[in-house]
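Now for the letters of each chain:
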Amino acid sequence: MAEDARLGEIGLRLKESPMRRNFLKLCGLAGLGLAMPFDWPITARAKDDDGAYGGPYYLVFNASGGWDTTYLMDPKGINEINRLYQEGDILTRGAHKFAPTAKHQQGGMSNEDFYAEFGDQLLVLNGLDYSVNNHSPGARYMATGKLDSLAYPTFAALVAACQGPTCPISFLTFGNYSATGNLVAMSRVPYLPSLQKIANADAVEGNARSPFHDRFALDRIEQALAAENDARAQEPRLPRLERAENMLYAAQVNSKALQRVTAYIPSSIPKERLSQQAEIALASFKAGVCVSANLTIGQFDSHANNDVDQMKLIPEFLAGIAYVLRRAEELKIRDQLVVIVQSEMGRTPTYNKGNGKDHWSIGSIMFLGRGIQGNRVIGATDEKQFHIPVDPKTLACDKENGIRVRPEHIHAALREFAGIANHPFSKRFPLGVLEKENLQGLWG
Amino acid sequence: MAFAARLVAVSVAVLIGVVLAFGEEIKTNNGPGCAAAVDRFFAEEVWTKVGAQECLKCHKTGGDAEKSKFVLQDPQRSQGADRDAAMRHNRAEFARMAQVKEGEQFRILLKATGGLDHGGEEVLKADSTTYRILADFVRRTNAPPAERLPGAADDKHATPFFDGVVMLDDRRLLRRATLSLAGRLPTEAELSAVAVGGLNALPKTLDDVMREEAFYDRLREAFNDIFLTLGIDGNADAAVLSYEHFEKTRLWYQKYDLSHIADKNERQRTEWKIAGEYRKALLGEPMKLIEHIVRNDRPFTEIVTADYIMVSPYSARGYGVFDELKEQFKNSDAPFEYVPVKLKALAGRNKQENQDSETGFYPHAGLLSQFQYLARYPTTETNRNRLRARMYYQHFLGVDVLELAARVSDAAAVSAKYEVPTMQASECVVCHKTLDPVAGLFQDYWRFDANFAIYGKRKEGWFTDMFGAGFEGDDLPTEERWRSLQWLGERTARDPRFAVAMVEHVYYILTGRKALLPPKEIDDPLFAAKRRAYAEQRCQIEAIAGRFAQNEFNLKRVFQDWIVSDFYRADGLATVAKDSARRAELDDIGLARMLSPEQVERKVNAVFGTPWGKLHDQMAMLYGAIDSQEVTERAFDPSGAMGAIQRMLANEVACRQTLRDFAREPAERLLFPHIEPSVVPATSPENDLAIRRAIAHLHERILGRHDAVDSLEVERSFQLFAGIVSDAQMQKGIERIENYHCRHNVPDAPADPHYTIRAWRGVVTYLLRRPEFLYE
């Protein structure tokens, strides 16, 4: 029963079934984590009553294509960096400085409104060194904290694997770089009602009153599958087959939990891109079947007509974030939400001949949510939009002795924050950040 | 100079790992190149961990340090004896440099750590493993001969790589192959042939399988997973055939005479149907080219050299070539019957937009010059065809130039420091010197809105702040510009990396996995094991590539070679691999690929006679399919959502097929030819034996297992069957017929008084949820 005890520590409980004991063993064999001895993250909690994962829930918002940070959280208004405002137009809200966009936005939500509503919860890090100017490696680096490997999982996948290995759609993605490191299955749910179709898989047309099999027959089938898996576990298997077979079995076992999602599928689906993704993620969170989600919108790559594009997309992006936070409030899971807002690169401090801006390797990242102290800005860029080093101990700018904050520093901090830094999965994918470079007190 | 010129879309990409040697003579793939050319310490330590990863980036012909006294050769650019020679050359270069001293210190160590004004600055940190390896090499090189002991790596890996790995038996291998290639079970004749001839009989059998239509369906589907040409944005009649060059023909269906259809609505529906099929026909052309090449055993190099495209009666009308081709079609109204055609050079709406051509024909170069390929990978003013160049390298030479971009110490500063970083900053040049010339070869396809045009020259002439058009050291001759993509295709076909890339593509098709990349973390305790896994697979890839080249690039041979290889047949272990290093070596071995939605449907069809029919559109996406546009990589690990779909599939297919099968005459049954519902377990030994035999038949049909009637596997299924029947007998009010949904639409459905039909349905459900069915 030691396995049960470990399971209880994180409160993840499967309903009693013929498969349960077997499943726990399989998870360990599959490298899915449950049977591995390690310190479970204290930040993970789950409801005890129905086995649902209860949070925290991680949402990674991605502005795909490269956002212009000088039109959001790192305003300049000098050196012809911005054509839509001057330095004197820059607005403040608490500790935040931000670009004025209310006059220029094309739909969505202005910076003014966003900061008014969320500024006190918002942590901004400016002067982040993306280190590369290319979409593909930039997206990979920002998502995983590792530039030169295709094997590393994204943070969203890693935290899902560590904290919700039994959740049926533990890691949900709508795009962006989504590698899993073979730790957890990636789920794509293109349309929320499609979940409804599969939620009651053992019933005809999903109608629970019309089961395919009589209860006793279905129980026998599950027992046979459990026995089969038990038998397979006793045989010597190639590592890959072992992993694949265990993942398959776990997927079928866990799939029953999808029934919980149907209660949270809204009657109407919003039109906006991010809001549609958000509804799927939030319903899955609320149902306790999901740990993390990548939400993304593209077209930020404004090589032509930068200001027009960014004034359309940044407000759309912010409106999407606001939508999620408000809906989470309605669903009463807002206090369990951790939001990361990022892009794979920034835009140059000058305009090109097409009124666009090209790729720039210095940018920003934002956070808000559970356990994050808001109303703070860390790091900075100078008047030419170059990064200013940061003292990792004090988080103050220190041009002489500071470090270049790169994605691996952010990811190391995120792993600590999520309580998974010492998880075997995390250790399998080391970030190589020196102890002295850990960003201390980043989360407040 | 403005940043616009300096900071182009692919500006500070730095290429390492996948090193593009430059300016070296292209040599056709001439066979396997796995022989050891130099000592293991140099090959596995110095070269693998230091030379290939660091030095070769610049110290090569065409590299930033090509004029230094230390110029290396890239062994990956050659095969067999040529590769051995390259390694010997590199060994000699390292040894020579290791003996040169600056004062009391060795020059190579000083340079590597950034001393002596090293152009590449610090590439090895003094406290790093890589430095220690290099220092060890220097010590060994300068030691007295008696002290030049072999390195620790010398005696490793004495056992064969596949030692202890259990291979799939020939019968199951055949089933795996026929399902994978043609979506069907093997025939009795094929099984007999393999039973008699063993593995040696398989290539001939596979050759026959690869003549079936189903194989070509699979082939097109699989190569679209790689080239993604179905993912063109917008309607194909506009996105493929531009207004500029096909203004009068591309919308032919709008004027197509449908006057014989009296009803207006019916006429409209017919036009929509024709339009839909026309667009589909256009989209299908690139993969039809691949099919044509493989079907006719033509050299697969034609995917970059073919001087024709494939058109159907519908798409031919769009190009305006239908009248000259109509005699070649068996059915000139068949939307998807394709024939090859060589297009005439494009004629614009005005002469300025006419295409240059010395022959009067469009300079076809296989996929490279197809409108679909160019439209799927478009360019922009700032991208300057670099996306196309990148995809060219990835698709045809197996090199992902952005895969392992190195971190630049300060990319923003580099961008700001140089007027043209891509030509001046060494961090940028290392990649752009290779990438940009290929981008230049696409220069005459310089239109940004495919609806308007794809072909067209840049008015100002091609960019001068880029490396000029060419290919890996060869400049494009001016007189060849009009056929620049043909010029590229010819070189591609001769490049040994082409054969390797195609072999890797087939590996991906068969396994769902990309070929291994060399491990990078040299401090990883499992580095040697991972390196060995990579090397073994690489050796196999190159061996197959060598035979591919020698067999006139017949792609079928590559399928055959992979299928009979240990990599495809590996299925289990004789004993548990407890050692972590051995487990790391075997980590990627074994197929274990979850079937794609399309494959699941085909397999259900093969086993039961009809597909499930639900794995399409959203359900397919939920099950890991791609749309070739936004979602371009299949998901092969099952999520809970996929697990639910598998339950649905098992329940529904079992429901639909079990009673239906019993309703047939025994001789016509697929699932239960030798058992009747009246046979109840635990009533006689003969009945139990008959049930076990029926189970063994089901195992073979559904799972591909050949289990003895007294095996544990059959016993487990028997207990399931008997348990359900027994449970049912203890229930009150159980109906004597199958449930409504399962007997719906089954004519002459037999009754189920003993609950045996429903118990058999339970067994079928159980089997359909097993990995042997859901995985390849």
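Residues numbered from 1 in each chain as written. Chains lettered and ligands numbered in written order. Predicted model: local features only at pLDDT ≥ 70, side-chain atom pairs only at ≥ 80, totals over all residues.

A.B. asks: So, the overall build of chain A: which residues are in play, and what are the values?
C.D. replies: Counting its regular elements, chain A contains 12 helices and 14 strands. For chain A, the proportion of its 444 residues judged to be buried stands at 59%. Long-range pairs, those at least 24 residues apart, make up 71% of the contacts in chain A between residues at least 6 apart in sequence. (Helix = DSSP H or I, 4+ residues; strand = E, 2+ residues; numbered from the N terminus. Buried ≥ 20, exposed ≤ 12 C-beta atoms within 10 Å, placed from the backbone. Contact = placed C-beta atoms within 7 Å.)

A.B. asks: Break down the environment of Gly440(B) for me, citing the residues and quoting the values.
C.D. replies: All names here are of chain B. Residue position: Gly 440 is located in helix α20 (residues 426–441). Given 24 C-beta atoms within a 10 Å radius, Gly 440 is considered buried. Sequence separation between Gly 440 and Gly 468 is 28 residues; the distance between their C-alpha atoms is 6.3 Å. Other than its neighbours up to four places away in sequence, Gly 440 contacts Trp 462, Met 466, Gly 468, Ala 469 and Gly 470.

A.B. asks: Let's hear about the domain arrangement of chain B: which residues, and what values?
C.D. replies: All names here are of chain B. Once the domains are mapped, chain B shows domain 1 (40–149), domain 2 (165–211 + 495–585), domain 3 (212–298 + 308–341) and domain 4 (600–774). Each of domain 2 and domain 4 has a C-alpha centre, and the two are 31 Å apart. In this complex, domain 2 contributes eight residues to the contact, which on the side of domain 4 involves nine residues. Of the residues belonging to the side of domain 2 that touches domain 4, the class tally is two nonpolar, two polar and four charged. (Domains from an automatic or database assignment. Nonpolar A, V, L, I, M, F, W, Y, C, P; charged D, E, K, R; others polar.)

A.B. asks: Now, about the confidence of the model for chain A: what can you tell me, with residues and values included?
C.D. replies: Mean pLDDT over chain A works out to 88, with 89% of the residues at or above the 70 mark. Low pLDDT, under 50, characterises residues 1–48 of chain A; the predicted model gives this stretch 98 contacts beyond four residues in sequence or across chains. (pLDDT = per-residue confidence, 0-100.)

A.B. asks: Could you give an account of the interface of chain A and chain B, naming the residues involved and the relevant values?
C.D. replies: In this assembly, 69 residues from chain A lie in contact with 77 residues from chain B. Elements represented by at least two residues in the side of chain A that touches chain B include exactly α4 (135–144), β6 (186–187), α6 (192–199), α7 (215–234), α8 (239–254) and β10 (359–360) of chain A. Sorting elements by how many residues they give to the side of chain A that touches chain B places α8(A) first, with 10 residues. Of the residues that constitute the side of chain A that touches chain B, the class distribution is 38 nonpolar, 21 polar and 10 charged.

A.B. asks: Describe the sheet that holds strand β8 (residues 337–343) of chain A, and please don't skip the residues or the numbers.
C.D. replies: Residues and elements named next belong to chain A. Spatially, β6-β5-β7-β1-β8-β11-β4-β12 is the arrangement adopted by the eight strands of the open sheet, whose pairing is mixed. Edge strands, defined here as strands with exactly one partner in the open sheet, are β6 and β12 (376–378). Of the pairings in the sheet, the one linking strand β4 (residues 123–129) to β12 comprises three bridges and is parallel in character. Paired with Val 124 across the strands is Val 377, a residue of β12. Sheet contacts for helix α5 (residues 155–163): β1 (57–63), β5 (171–173), β6 and β7 (292–297); angle to β7, the most-contacted strand, approximately 160 degrees. (Pairing = 2+ DSSP bridges. Axes fitted to C-alpha atoms, helices over the stretch in contact; angles between N-to-C directions.)

A.B. asks: Which residues make up the environment of Val607(B), and what values do they have?
C.D. replies: Along the chain, Val607(B) turns up in helix α27 (residues 597–608). The spacing of Val607(B) and Leu659(B) is 52 residues in sequence and 15 Å in space, taken between C-alpha atoms.

A.B. asks: Give a detailed account of unusual backbone geometry, specifying residues and quantitative values.
C.D. replies: All names here are of chain A. Residue Pro 56 is bonded to the preceding Gly 55 through a cis peptide linkage, with omega at 0 degrees. For Asn 375, which is not glycine, the phi dihedral falls at a positive 55 degrees. For Asn 375, the position within the fold is in the loop between β11 (362–369) and β12.

A.B. asks: Which residues make up the packing of helix α6 (residues 170–182) of chain B against helix α8 (residues 202–209) of chain B, and what are the values?
C.D. replies: Residue and element names in this part refer to chain B. Remark: α6 packs on α8, axes separated minimally by 10 Å, with the N-to-C direction vectors making an angle of 25 degrees. The orientation of α6 relative to α8 falls into the category roughly parallel. In the packing of α6 onto α8, the handedness of the crossing is right-handed. Counted together, Leu 174, Ala 177, Thr 178, Leu 181 and Ala 182 of α6 and Leu 202, Thr 205, Leu 206 and Val 209 of α8 form the full contact between these two elements. Tallied by class, residues from the contact of α6 with α8 come to seven nonpolar, two polar and no charged. (Parallel < 35°, antiparallel > 145°, perpendicular 65-115°, else oblique. Left-handed = near helix turned anticlockwise from the far one by under 90°.)

A.B. asks: Requested: an account of the nonpolar core, with residues and values cited.
C.D. replies: Among the nonpolar cores identified, the biggest contains 305 residues, and Leu59(A) and Val503(B) are the most heavily contacted of them. Among the elements that take part in this core, helix α29 (residues 640–663) of chain B stands out by supplying 12 residues, more than any other. The contacts of Val503(B), once residues within four sequence positions are left out, are Ile541(B), Ile544(B), Ala545(B), Phe548(B) and Val558(B). (Core = buried A, V, L, I, M, F, W, Y, C linked by C-beta atoms within 7 Å.)

A.B. asks: I'd like to hear about the confidence of the model for chain B, residue by residue, with values.
C.D. replies: Residues and elements named next belong to chain B. Summarising the model, chain B shows a mean pLDDT of 89, and 93% of its residues fall at 70 or more. This stretch, residues 1–26, has a pLDDT under 50; its non-local contacts, to residues over four places away or in other chains, come to 105 contacts. Across residues 149–155, confidence stays below pLDDT 50; counting only partners more than four residues off in sequence or on other chains, it has 10 contacts. We note a pTM of 0.87 for the whole complex and an ipTM of 0.86 for its interfaces.

A.B. asks: Go over helix α33 (residues 756–768) of chain B, please, and point to the residues and values.
C.D. replies: What sets the pattern is the α-helix's 3.6 residues per turn: residues three or four places apart point alike. The terminal C-alpha atoms of α33(B) lie 18 Å apart, and with 13 residues this matches the ideal 18 Å at 1.5 Å per residue to within 8%. Counting buried positions along α33(B) yields 13 of 13 residues, so the element is predominantly enclosed. (Expected span 1.5 Å × (residues − 1).)

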